[in-house]
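Observations on the three-dimensional arrangement
Here is how the chains run, residue by residue.
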Amino acid sequence: MTESDNSIQLIVGLGNPGPEYQHTRHNAGWWLVESLAKTYNCTLKLENKFFGYTGRISIAGQDIRLLIPTTFMNKSGQAVAALAKFYRIPLANILVAFDELDLPPGVAKFKKGGSSSQNGIRDIVSRMSNQKDFLRLRVGIGHPGDKSRVTGHVLGKAPQKEQQQIEEAIDEAIRCTEMLIKQDLKTAMNRLHSFKAE
């Protein structure tokens, strides 16, 4: 465990802009950052130079910037690269929240680095000189079972029960993100990875 493991300086929530996508599963990362901002009474403001909504909060004395890109999902890296470069935030100090097909609704997990088939994550990696070493927060949205149905699934609204499970997982993920910052990644992972909304 390096010292920088819990020094998160930027939390990004991925999604698609526009009212037609607001309540779709693909915006789970966006919901998480919105919810985090609300918890800390932070108003997110649109900043064109960062291609997204931004804000600042403090958790346990740690200054953290929040970012929701307003680009489409597959161009998420544009916003992350612009803000990280401007504030000189190292990749290792960035946490990116996004929807994860491979986890069921009601489950969220931290993951450090590695590859991902998620378009937003792929774009961030490509715009950050192909470095993958940032922390991810995967919010489960479940898989429709067939590859051909994935697009409709991620761009569709979850039924009420599933939506509730996703929101409960987001609440727990926020508590665990605070734990990550106040304590360490291992403690936060242990707690988050044992959670499943009923």
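Preceding block: the structure.
The present account deals with the structure reproduced in this document. Just so you know, these numbers come straight off a predicted model, no measurement behind them.

Enumeration over the complete set of coordinates arrives at six salt bridges. The closest approach of N and O atoms between Asp63 and Arg56, which form a salt bridge, is 2.9 Å. One salt bridge in this structure joins Arg191 and Glu172, with 2.7 Å as the shortest N-O distance. On the criterion of sequence distance, the pair formed by Arg191 in helix 6 (residues 185-192) and Glu172 in helix 5 (residues 160-182) is long-range, its members being 19 residues apart. On the basis of relative accessibility, which here comes to 5%, the residue Glu172 falls in the buried class.

A word on helix 6. Residues of helix 6 that are buried: Leu185, Ala188 and Leu192. Each buried residue of helix 6 lies within a common arc of 70° when the element is viewed along its axis, so the set occupies one face. In this structure, helix 6 carries Lys186 and Asn190 as exposed residues pointing more than 90 degrees from its buried face. N-capping of helix 6 is provided by Asp184, with a side-chain oxygen placed 3.2 Å from the backbone N of Lys186.

Scoring rules and cut-offs
Residues numbered from 1 in each chain as written. Predicted model: local features only at pLDDT ≥ 70, side-chain atom pairs only at ≥ 80, totals over all residues. Heavy atoms only, no water. Salt bridge = Lys/Arg side-chain N within 4 Å of Asp/Glu carboxyl O. Helix = DSSP H or I, 4+ residues; strand = E, 2+ residues; numbered from the N terminus. Buried < 20%, exposed > 50% of the residue type's maximum accessible area, 1.4 Å probe, protein only. Arc of directions from axis to C-beta. Polar contact = N/O pair within 3.5 Å; in protein donor to acceptor, adjacent residues only side chain to side chain.

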